[in-house]
Amino acid sequence: MERTNSWGNYGKKQLTELEKLCKNYRHFLDRGKTERECVKEAVHLAQDAGFRSLDEVIKKKETLKAGDKVYAVCMGKTIALFHIGSKDIEKGMNILGAHVDSPRLDLKQNPLYEDTELAYLDTHYYGGIKKYQWVTIPLAIHGVVVKKDGSVTDICIGEREEDPVFCITDLLVHLSGEQLEKKAAKVVEGEALNLLIGNMPLADTEKDAVKANILKLLQEQYGIEEEDFLSAELEVVPAGKARDCGLDRSMILAYGHDDRVCAYTSLEAILDMKKVKRTACCILVDKEEIGSVGATGMQSRFFENTVAELLNCMGEYSELKLRRVLANSRMLSSDVSAAYDPEFAGAFEKKNTAYFSRGIVFNKYTGARGKSGSNDANAEYMAQLRAAMEKHEVAFQTAELGKVDFGGGGTIAYILALYGMQVIDCGVAVLNMHAPWEIVSKADVYEAKRCYMAFLSE
Ligand code: MN
Ligand code: MN
């Protein structure tokens, strides 16, 4: 059951397609470093591909029919796209799902302080991170500040060549004897993740003059005052662009492959479908990294409500019909897999592990401690998918996250499965998952999009 490296299967035409997709993907990553930015970018791409806002359709009391393409956004952080098929929607949809939030450091609500003439922003990390990986690297701040009058100021500092960047300091090695004796989880602690943002005092100021100067600059450059941090969502992420990785340029090094690599390829797949029989759907959600909670997470009713609205616009809404549409749907719940890393071979079981460049990864189940928390896909569904992948000549592999009882992880799969639909976990293999800079194989990015298009066309 050994799978082969996909690079050998590509001719000139495919290599050109692959490079184009990966270039566009890098561009998407550069423009989308937060869930809000990703959704904004997804809306642009969808509009360019002829998708209309479902809210507009509702407002104008228009009717939707086969061939129509619409999208709906929840609070700027989650998006659902639909391409209505020629087949009765009651027979179910083909759904692609992925998440657009990534591990990062969020600014606290009261973040700004000064200590010994250095000004800092205090953070609270989001998602699972190895804290020691986030010190001494250039960091950027992305997000929004919403003022009392409701006006929204977009913030993005640290991405342009001329921008300043920020940093979390670490102790010099010369004095680190004691620190290096600590467990890795304790070398840098959560409360110590404070972002250095200034050292220049404001003239004629007695107390906290460096902080005062930072506040002056924030006022001048963004029109915001200290209280405005209370209603802000500011995310600290690695500064810099996604890059080709390797002398052979076979990989991409970037922040946020988890899970934008599945989100972007899912989005590209639905945007590229010329015609579909079964209604195609793509949902890109927020909050997966902290348990899919909140109005913009997968557990929210947003998706179900949006499908109800869609049916209503098609003149087909009933409570029973909604339930049938959902129950008869099939889903690829896409999230990244751990790629086999020979440097840490002991964490993997080689027969059931994902490898770079061997194609899209299907995880029949995920979970931890005896599959706990997993959506274990049906064998019948896996059989259909195997057949579809073979028919469309998509490179695929199957894997578990790592060795049994080494740990584990969850995804959004079990939430959609609550409707009684067929759901399976799949995705792209990643090295350094959840590190500031993660790596994927370009061949796997290419196969992911091919897999999603094959799935939508079935
Ligand atoms: Mn993920
Ligand atoms: Mn993750």
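Structure: above.
All values reported here derive from a predicted model rather than from experimental measurement.

Q: Sorry if this is basic, but what is going on with the nonpolar core here?
A: Across soluble globular proteins, nonpolar side chains show a tendency to be buried alongside one another. Among the nonpolar cores identified, the biggest contains 61 residues, and Leu81, Leu284, Leu332, Ile360, Phe362 and Tyr452 are the most heavily contacted of them. For this core, the leading source of residues is helix H11 (residues 442-457), giving nine residues. The residues touching Ile360, leaving out its near neighbours within four places in the chain, are Val394, Ala395, Phe396, Gln397, Cys426, Gly427, Glu447, Ala448, Cys451 and Tyr452. In this structure, Ala80, Phe82, Ile95 and Val285 belong to the second largest nonpolar core, which totals 34 residues.

Q: How should unusual backbone geometry be read in this particular structure?
A: For residues other than glycine, phi is negative in most cases, and the peptide bonds are mostly trans. The step from Asp258 to Asp259 runs through a cis peptide bond, and the omega angle for that step is 5°. Position of Asp259 among the secondary structure elements: in helix H6 (residues 257-272). Look at Asp204: it is not a glycine, yet its phi comes out positive at around 55°. Its relative accessible area of 86% is what places Asp204 among the exposed residues.

Q: In this structure, what is going on with the side chain of Ser266? I would like to understand it.
A: Tracing the backbone shows Ser266 in helix H6. For Ser266, a relative accessible area of 0% gives the class buried.

Q: How should the sheet that holds strand E5 (residues 104-115) be read in this particular structure?
A: The strands that make up a sheet are held in pairs by hydrogen bonds between backbone atoms, and each pair lies either parallel or antiparallel. Strands sit in the order E8-E7-E10-E5-E6-E9 across an open sheet of six strands; the sheet is antiparallel. Whereas interior strands pair on both sides, the edge strands pair on one side only; in this sheet they are strand E8 (152-157) and strand E9 (194-198). Each adjacent strand pair in this sheet contributes to an overall mean axis angle of 30°, direction not counted. Note: strand E6 (residues 118-126) against E9, four bridges, orientation antiparallel. Bridging from a neighbouring strand, Ala119 pairs with Gly198 of E9.

Q: What's the story with the coordination of the manganese ion (ligand 2) in this structure? I'm lost.
A: Taken together, Asp258 (OD), Glu289 (OE), Glu289 (OE) and His434 (NE2) make up the protein donors of the manganese ion (ligand 2), found 2.1 to 2.6 Å from the metal. Mapped onto the sequence, the donors of the manganese ion (ligand 2) take the spacing D-x30-E-x144-H. A separation of 3.1 Å is found between the manganese ion (ligand 2) and the manganese ion (ligand 1), which share Asp258 as a coordinating residue. Taken as a pair, Glu289 in the loop between strand E13 (279-285) and helix H7 (302-313) and His434 in the loop between strand E19 (429-430) and strand E20 (438-441) lie far apart in primary sequence, 145 residues in all. Both residues of the pair, Glu289 and His434, belong to the buried class.

Q: Looking at this structure, how should I read the pattern of salt bridges?
A: A side chain of one charge can pair with a side chain of the opposite charge if their charged atoms are brought near each other. Tallied over the full model, the rule gives 35 salt bridges. With a closest N to O distance of 2.8 Å, Asp244 and Arg26 form a salt bridge. Here Asp244, found in strand E11 (residues 243-245), pairs with Arg26, found in helix H1 (residues 12-31); they are 218 residues apart in sequence, far enough to count as distant. Taking relative accessible area as the criterion, Asp244 reaches 24% and is therefore assigned partly exposed. With a closest N to O distance of 3.0 Å, Glu447 and Arg450 form a salt bridge.

Q: What exactly am I supposed to notice about the sheet that holds strand E12 (residues 251-254) here?
A: The antiparallel open sheet is built from three strands, whose spatial order is E11-E12-E20. The open sheet has two free edges, formed respectively by E11 and E20, since each of these has just one partner strand. Taking the axes of each pair of neighbouring strands and ignoring which way they run, one obtains an average angle of 35° across the sheet. In this structure, E11 lies alongside E12, joined through three bridges in antiparallel fashion. The residue of E12 that forms the bridge with Asp244 is Ile252. Along the sheet, H1 contacts E11 and E12; its crossing angle with E12, the most-contacted strand, is approximately 5°.

Q: Looking at this structure, I do not really get the packing of H6 against H11. What am I missing?
A: Geometrically, a packed helix pair is captured by the angle between its two axes and the distance between the axes. Where H6 contacts H11, the two axes come as close as 8 Å, and the packing angle between them is 45°. If you check the angle between H6 and H11, you find them oblique. Considering how the two elements wind past one another, H6 and H11 form a crossing that is right-handed. Of the residues in H11, those in contact with Val261, Cys262, Thr265, Ser266, Glu268, Ala269, Ile270 and Asp272 of H6 are Val445, Ala448, Lys449, Tyr452, Met453 and Leu456. For the contact of H6 with H11, the residue count by class is nine nonpolar, two polar and three charged.

Q: Explanation requested: the state of the cysteines in the structure shown.
A: One way to say it: the disulfide is the covalent bond shared by the sulfur atoms of two cysteines. Per the stated rule, a full pass over the model turns up zero disulfides. In this model Cys38 remains outside any disulfide bridge; the closest cysteine sulfur is found in Cys282, 12 Å from its own. This cysteine, Cys245, is not joined by any disulfide, and Cys22 carries the nearest cysteine sulfur, 13 Å off.

Q: Can you walk me through the packing of aromatic side chains in this structure?
A: Each aromatic ring pair is summarised here by two numbers: the centre-to-centre distance and the angle between the ring planes. Summed over all chains, the structure comprises eight aromatic pairs. A centroid spacing of 5.3 Å and a plane angle of 15° characterise the contact between Tyr113 and Tyr120, whose relative ring orientation is stacked. Tyr113 sits in the partly exposed class, given a relative accessible area of 27%. Here the aromatic cluster, defined as three or more aromatic residues joined through ring pairs, consists of Trp7, Tyr10 and Tyr446. A cation over a ring is seen here: Lys371 above Tyr365, with NZ or CZ 3.8 Å from the ring centre.

Q: In this structure, what is going on with the pairing of E12? I would like to understand it.
A: Consecutive side chains along a regular strand alternate between the two faces of the sheet. Where burial is concerned, the two faces of E12 differ: the one with Ile252 and Ala254 is buried and the one with Met251 and Leu253 is not. Relative to E20, E12 runs antiparallel, the two being bridged by four bridges. Bridge assignment links Met251 to a residue of E20, and that residue is Ser441.

Q: Any chance you could explain the packing of H1 against H6 here in plain terms?
A: Following both chains from N to C, one finds H1 and H6 inclined at 125°, their axes separated by 10 Å at the closest point. In terms of axis orientation, H1 runs oblique to H6. Two packed elements cross with a definite hand, and for H1 against H6 that hand is right-handed. For the pair formed by H1 and H6, the contact residues are Leu21, Asn24, Tyr25, Phe28 and Leu29 on the first element and His257, Arg260, Val261, Tyr264, Leu267 and Glu268 on the second. Looking at the contact of H1 with H6 residue by residue, the class counts come to seven nonpolar, two polar and two charged.

Definitions and limits used
- Residues numbered from 1 in each chain as written.
- Chains lettered and ligands numbered in written order.
- Predicted model: local features only at pLDDT ≥ 70, side-chain atom pairs only at ≥ 80, totals over all residues.
- Heavy atoms only, no water.
- Core = buried A, V, L, I, M, F, W, Y, C linked by side-chain atoms within 4.5 Å.
- Buried < 20%, exposed > 50% of the residue type's maximum accessible area, 1.4 Å probe, protein only.
- Helix = DSSP H or I, 4+ residues; strand = E, 2+ residues; numbered from the N terminus.
- Contact = heavy atoms within 4.5 Å.
- Pairing = 2+ DSSP bridges.
- Axes fitted to C-alpha atoms, helices over the stretch in contact; angles between N-to-C directions.
- Donors = N, O, S within 2.8 Å, 3.2 Å for Na, K, Ca; no water.
- Salt bridge = Lys/Arg side-chain N within 4 Å of Asp/Glu carboxyl O.
- Parallel < 35°, antiparallel > 145°, perpendicular 65-115°, else oblique.
- Left-handed = near helix turned anticlockwise from the far one by under 90°.
- Nonpolar A, V, L, I, M, F, W, Y, C, P; charged D, E, K, R; others polar.
- Disulfide = S-S within 2.5 Å.
- Phe/Tyr/Trp six-rings, centres within 6.5 Å; stacked < 30°, edge-to-face > 60°.
- Lys NZ or Arg CZ within 6 Å of the ring centre and 35° of its normal.

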